[in-house]
Amino acid sequence: MTTAPAVHRPSWWGLLPFAAAVAAAALIGGLGVAGTAAEYQNLDQPSWAPPSWLFGPVWTILYAMIAVAGWLVWRRTGWNRALTVYAVQLVLNALWTPIFFGFGQYGLALVDIVAMWLLIGATIFLFRPISRAAAWLLVPYWAWVTFATALNAAIWSAN
């Protein structure tokens, strides 16, 4: 399968809305975890749970990759169905942290993250024919969310 032909769109300015969207998701997540490091440490967790300090650096890198992936697809096609799926998974991403930490609803957070995981997979599938680079940029995000889903399930089960 070949990559879709490029459509001429202003290059770097088009990245700004994608950066703003992931920054909004990160901000919502950041507000949702402000002051929750102690809460996270006090949860019954599996032995393979990462320390709370690791999440910030990982998400910073992933959010940058998510923004670039969306921008690459938009540059080729404009707004399309793939970017709509991308946007919905990003909303689910933003909602997870307040559900998990703000409301302490670990089961509902698990439903959210499973739906997000499915939509990330769909986004990768839809991005691939448009931009393989964009699809590959989302693979580490999908892998991290796979891990986070298992962690969410383990915490929900233990607490």
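Let us look at the structure shown here. (Residues numbered from 1 in each chain as written. Predicted model: local features only at pLDDT ≥ 70, side-chain atom pairs only at ≥ 80, totals over all residues. Heavy atoms only, no water.)

Regarding the overall build of the protein
Using the following cut-off: Here a helix means four or more residues in a row that DSSP labels H or I, a strand means two or more in a row labelled E, and each is numbered from the N terminus. Exposure is judged per residue with a 1.4 Å probe applied to protein chains only, and the accessible area is read against the type maximum: over 50% gives exposed, under 20% gives buried, and values in between give partly exposed. Note on contacts: a residue pair qualifies if any of its non-hydrogen atoms lie within 4.5 Å across the two residues. Accessible areas in this description were obtained via Shrake-Rupley with a 1.4 Å probe; residue shielding takes into account the shown protein chains only.
Secondary structure assignment for the protein yields six helices and zero strands. Taken from N to C terminus, the helices and strands of the protein fall in the order α-α-α-α-α-α. Evaluated residue by residue, the protein yields a buried proportion of 42% over its 159 residues. Across the protein, every contact between residues at least 6 apart in sequence was considered, and the portion connecting residues at least 24 apart equals 79%. With the model as given, the accessible surface of the protein reaches about 8,300 Å², and the carbon-plus-sulfur share is 73%.

Regarding the packing of aromatic side chains
Selection rule: The pairing test for Phe, Tyr and Trp rings, Trp by its six-membered ring, is centres within 6.5 Å, and the orientation test on the planes gives stacked under 30 degrees, edge-to-face over 60, and tilted for anything in between.
Under the defined criterion, the tally for this structure stands at 15 aromatic pairs. Consider the rings of Phe55 and Trp144, whose centres lie 5.9 Å apart with planes at 70°: the pair is edge-to-face. Within this pair, whereas Phe55 is found in helix α3 (residues 55-77), its partner Trp144 is found in helix α6 (residues 132-158), the two being separated by 89 residues in sequence. The class of Trp144 is buried, set by a relative accessible area of 14%. Taking the centre distance of 4.7 Å and the plane angle of 20° together, the rings of Trp96 and Phe100 count as stacked. Of the two residues, Trp96 and Phe100 both sit in helix α4 (residues 81-102), four residues apart, roughly one turn of that helix.

Remarks on α4
Counted only if it meets this: Between the first and last residue of a helix there are one fewer steps than residues, each counted as 1.5 Å, and that sum is the expected span. Take the seven residues that end at a residue and the seven that start at it, fit an axis to each, and the angle between those axes is the bend at that residue. Under the rule applied, a polar contact is a pair of N or O atoms within 3.5 Å (in protein, one hydrogen donor and one hydrogen acceptor; residues adjacent in sequence only if both atoms are side-chain atoms).
Between its terminal C-alpha atoms α4 stretches 31 Å, which fits the 32 Å expected from 22 residues at 1.5 Å a residue. Of all the bends in α4, the greatest reaches close to 25° and is centred on Leu95; the proline Pro98 follows between one and four positions later. Backbone nitrogen of Ala82 and a side-chain oxygen of the N-cap are separated by 3.1 Å at the start of α4; the cap is Asn80. Following α4 by one or two positions, Gly104 adopts a phi angle in the positive range, close to 65°.

Some thoughts on α6
If you check α6, its first and last C-alpha atoms are 39 Å apart, about what 27 residues at 1.5 Å a residue would give, namely 39 Å. At Val139, α6 shows its maximal kink, close to 25°; a proline, Pro140, follows between one and four residues later. Listed in full, the buried residues belonging to α6 are Ala134, Ala135, Leu138, Tyr141, Trp144, Val145, Ala148, Thr149, Leu151, Asn152 and Ile155.

Here's the deal with the nonpolar core
As a reminder of what qualifies: Grouping buried Ala, Val, Leu, Ile, Met, Phe, Trp, Tyr and Cys residues that are joined through side-chain atoms within 4.5 Å yields what is termed a nonpolar core.
Residues Tyr40, Trp59, Ile66, Phe100, Phe127 and Tyr141 are the most contacted members of the largest nonpolar core, which totals 48 residues. Of all the elements in the fold, those that place two or more residues in this core are α1 (15-33), α3, α4, α5 (106-127) and α6. Sequence-distant contacts of Ile66, defined by excluding residues within four places in its chain, comprise Val22, Tyr86, Gln89, Leu90, Leu138 and Tyr141.

Here's the deal with the side chain of Gln89
You can see Gln89 is positioned in helix α4. Apart from residues no more than four positions distant in its own chain, Gln89 is found in contact with Ile66, Met116, Leu119, Ile120, Thr123 and Tyr141.

Points about the packing of α4 against α5
The line we're drawing: The axes used here are C-alpha line fits, helices contributing only the stretch in contact, and every angle between their N-to-C directions lies in the interval 0 to 180 degrees. Angle categories are assigned with fixed cut-offs, so that under 35 degrees is roughly parallel, over 145 is roughly antiparallel, 65 to 115 is roughly perpendicular, and the rest are oblique. A crossing counts as left-handed when the near helix is turned anticlockwise from the far one by less than a right angle, and as right-handed when that turn is clockwise. Put simply, Ala, Val, Leu, Ile, Met, Phe, Trp, Tyr, Cys and Pro go in the nonpolar bin, Asp, Glu, Lys and Arg in the charged bin, and everything else, Gly too, in the polar bin.
Here α4 crosses α5 at 160°, and the two axes come no closer than 8 Å. As far as their axial angle goes, α5 and α4 are roughly antiparallel. By crossing handedness, the relation of α4 to α5 is classed as left-handed. Looking at the contact of α4 with α5 residue by residue, the classes come out as 21 nonpolar, three polar and two charged.

A look at the environment of Ala23
Along the chain, the position of Ala23 falls in helix α1. Judged by relative accessible area, Ala23 falls into the partly exposed class, the value being 43%. Sequence-wise, Ala23 and Ala64 are 41 residues apart; in three dimensions their C-alpha atoms are separated by 8.9 Å.

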